[in-house]
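Geometric and topological summary
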Amino acid sequence: MALDPGNVVQNAIYLSGGTEWPVGFDAWEGRARETLERPAYDYVAGGAGAEETLRPRMLVGTPERDLSVEVLGLRSPVPFLLAPVGVLSIVHPDAERAVARASKATGVPFVVSSAASTSLEDVAAIEPPRWFQLYWWGDPELAESLVRRVEAAGYGAIVLTVDTLNLGWRPRDLGNGYFPFLAGHGLEQFFSDPVFAERLEKTPTEDRATASLMALAAFSNLALTWDDLGRLREWTSLPVLLKGILRGDDATRALDLGIDGIVVSNHGGRQVDGSIAALDALVEVRDAVGPDPVVLMDSGVRTAADVLKAVALGADAVLLGRPYVYGLAVAGQEGVETVIRQLAGEIDLTMALAGARNVAELDRSFVV
């Protein structure tokens, strides 16, 4: 299903005298806050930002725009993908299934999380598999099993997250005494794994508490180093991107080791308090690696201006996280679709008014 141009989205709302759905990030966040119990909302919103300003070009002639991008063979009708976000069952019972259906309906690719509440195979059955985000679990046998399942299910690439080898210090969750993994949320990749199943005396359905504790014991992997990346290549032939890179020298080292792409990310501010803003790190990374390698950006994306600034500063595309999670919380699949369509419309209009006819025309001259 094609996404509507921005003026169509805008005019439909005007002609209807308004819309039942929120419009804009703050409104979606506010509705999600009203919908969710406080611990679940804080889990999504919590975290520890530089701002830039677009500089439009005038009288370019932009009656038609092309928002589409292609990254490592993955095509999106807009310059963003749906970021991997774990534990979605705490915001809506349909969790990743609703997001996958919204992805299929809009054509915007979904990067499935290792910390999902739905098995990677079940998500793959809903839509053509896109990308899978990998947490390299501390148990190597389980990690290898997960990677081989990803390839067998037809996913197109692995996004290895390297900034979350252990969970960071998160005051909101600690203040709430809230750790959803203890209740089995976000552990379905463990629970659906055949190697993990062989280690259980009772199934997760029969004894969820024990299965959850065993899964959590296998998660942390602070010993992971650059030297381990060769093992990932032994496990899979899929393209690999590293997510969580914030330094130019780390980016060039990854590419030298045969990594296929970089995702500049500070994990939405959830790992290292006071970390550099992803947008600032993006500039350093792109300067370090040059114009050709694949570089995406994640963290802090809320509006069309955020998307376009990131692209102008060197991102091939961005990953959208919290906004679609708030949409999921408010209205399941329909909420996710609505967030996508609104942001697509906003990007379309903003790009037109900024004087760019397609994403490739955006460069640093648009940013001050």
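Computed from a prediction, not measured in an experiment: that's the story for all the values here.

**Remarks on the overall build of the chain**
A tally of regular secondary structure across the chain gives 15 helices and 10 strands. The C-alpha atoms of the chain give 20 Å as radius of gyration, which agrees with the globular expectation for 368 residues (21 Å, within 12%). Counting only C-alpha atoms, the chain reaches 70 × 50 × 40 Å along its principal axes. Only carbon and sulfur atoms are counted for the fraction: they give 52% of the accessible area of the chain, which is about 15,500 Å². Computed over 31 positive and 50 negative side-chain charges, the inter-centroid distance for the chain is 2 Å.

**Topic: the nonpolar core**
In terms of nonpolar packing, the biggest core is built from 127 residues, with Phe 80, Trp 131, Val 264 and Met 297 touching the most fellow members. Sort the elements by how many residues they give to this core and helix α15 (residues 322-354) lands first, with 15 residues.

**Comments concerning helix α13 (residues 278-289)**
A rise of 1.5 Å per residue sets the reference length of α13, with its 12 residues, at 16 Å; its end C-alpha atoms lie 16 Å apart and thus fit the reference within 8%. Along α13, the residues classified as buried are Ala 278, Leu 279, Ala 281, Leu 282, Val 285, Arg 286 and Val 289. Seen along its axis, α13 keeps its buried residues to an arc of 150°; they face one direction. In this structure, the buried residues of α13 make contact with β7 (240-245), α12 (248-256), β8 (261-264), β9 (294-298) and α14 (304-312). Trailing α13 by a residue or two, Gly 290 shows a phi angle of about 90°, which is positive.

**Thoughts on the pairing of strand β10 (residues 317-320)**
Side chains of β10 alternate between two faces, with Ala 317 and Leu 319 and Val 318 and Leu 320 buried alike. Across 3 bridges, β9 lies against β10 in parallel orientation. What sits directly across from Asp 298, in β10, is Leu 319. In this fold, the crossover linking β9 to β10 by way of α14 has right-handed handedness.

**As for the packing of α12 against α13**
Orientation of α12 relative to α13, taken along the N-to-C sense of each, is 45°, at an axis distance of 8 Å. The angle between α12 and α13 places the two elements in the oblique class. Classified by chirality, the crossing of α13 by α12 is right-handed. Of α13, the residues touching α12 (which contributes Gly 248, Ala 251, Thr 252 and Leu 255) are Glu 284, Val 285, Ala 288 and Val 289. Tallied by class, the residues present in the contact of α12 with α13 amount to 5 nonpolar, 2 polar and 1 charged.

**Observations regarding the packing of helix α3 (residues 38-45) against α15**
Viewed as axis vectors pointing N to C, α3 and α15 meet at an angle of 160°, and their least axial separation amounts to 10 Å. Here α3 lies roughly antiparallel to α15, going by the angle between them. Crossing angle aside, the handedness with which α3 passes α15 is right-handed. Residues Tyr 41, Val 44 and Ala 45 of α3 lie in contact with α15, whose contacting residues are Arg 322, Val 325 and Tyr 326. Here the contact of α3 with α15 is built from residues that sort into 5 nonpolar, no polar and 1 charged.

**Quick notes on the sheet that holds strand β6 (residues 157-161)**
Across the sheet, 8 strands lie side by side as β3-β10-β9-β8-β7-β6-β5-β4; this open sheet has parallel pairing. Where the open sheet ends on each side, the last strands, each with one partner, are β3 (80-82) and β4 (111-112). Contacts from α15 reach β3 and β10 within the one sheet, and its direction differs from that of β3 by about 170°.

**Some details on the side chain of Asn 221**
With respect to the helices and strands, Asn 221 occurs in the loop between α10 (208-217) and α11 (229-235). Filtering out sequence-adjacent residues up to four positions away, Asn 221 remains in contact with Trp 136, Trp 137, Gly 138 and Leu 165.

**Quick word on the confidence of the model for the chain**
Put simply, the chain has an average pLDDT of 90, and 97% of its residues get 70 or more. Averaged pLDDT values for the elements of the chain fall to 78 in helix α7 (residues 171-176) and rise to 98 in β8. Segment residues 48-52 is flagged for pLDDT under 50; beyond a separation of four residues in sequence, or across chains, it makes 13 contacts in the model.

Cut-offs used in this document
Throughout this document, residue positions are counted from 1 along each chain, in the order its sequence is written. Selection of residues for local features in this predicted model requires a pLDDT of at least 70, selection of side-chain atom pairs for listing and counting requires 80 or more, and totals for whole chains, interfaces and linings are taken over all residues. For the side-chain quantities, the full set of heavy atoms in the structure was used; hydrogens and water were omitted. Numbered from the N terminus, helices here are DSSP runs of H or I no shorter than four residues, and strands are runs of E no shorter than two. The atom set for the radius of gyration is the C-alpha atoms, and the globule formula is 2.2 Å times the number of residues raised to the power 0.38. Here the open area of atoms and residues is found with the Shrake-Rupley method and a 1.4 Å probe, where only the protein chains shown may cover a residue. Working convention for charge: Lys and Arg count positive, Asp and Glu count negative, and His plus the chain ends are omitted. For charged residues, the charge sits on one atom: NZ in Lys, CZ in Arg, CG in Asp, CD in Glu. To qualify as a nonpolar core, a set must consist of buried Ala, Val, Leu, Ile, Met, Phe, Trp, Tyr and Cys residues joined through side-chain atoms within 4.5 Å. Relative accessible area decides the class of each residue, using a 1.4 Å probe on protein chains only: under 20% of the type maximum gives buried, over 50% gives exposed, and in between gives partly exposed. To estimate the expected span of a helix, count its residues, drop one, and scale the result by 1.5 Å. Summarising the geometry, the arc corresponds to the directions from the helix axis toward the C-beta atoms. Here, residues are in contact when the closest pair of their heavy atoms is within 4.5 Å. Strand pairing follows a simple DSSP-based rule, namely that at least 2 bridges must link the two strands. Orienting the strands away from the viewer, one traces the path from the first strand over the helix to the second; a clockwise path indicates a right-handed crossover. Axes here refer to lines fitted to C-alpha atoms; in helices the fit is confined to the stretch in contact. Angles between the N-to-C directions go from 0 to 180 degrees. Angles are sorted into four bins: roughly parallel if under 35 degrees, roughly antiparallel if over 145, roughly perpendicular if 65 to 115, and oblique for all others. Should the near helix be turned anticlockwise from the far one by less than a right angle, the crossing is termed left-handed; should it be turned clockwise, right-handed. Here the term charged refers only to Asp, Glu, Lys and Arg, the term nonpolar to Ala, Val, Leu, Ile, Met, Phe, Trp, Tyr, Cys and Pro, and the term polar to all other amino acids, Gly among them. What pLDDT expresses is the predictor's confidence in each residue, scored from 0 to 100.

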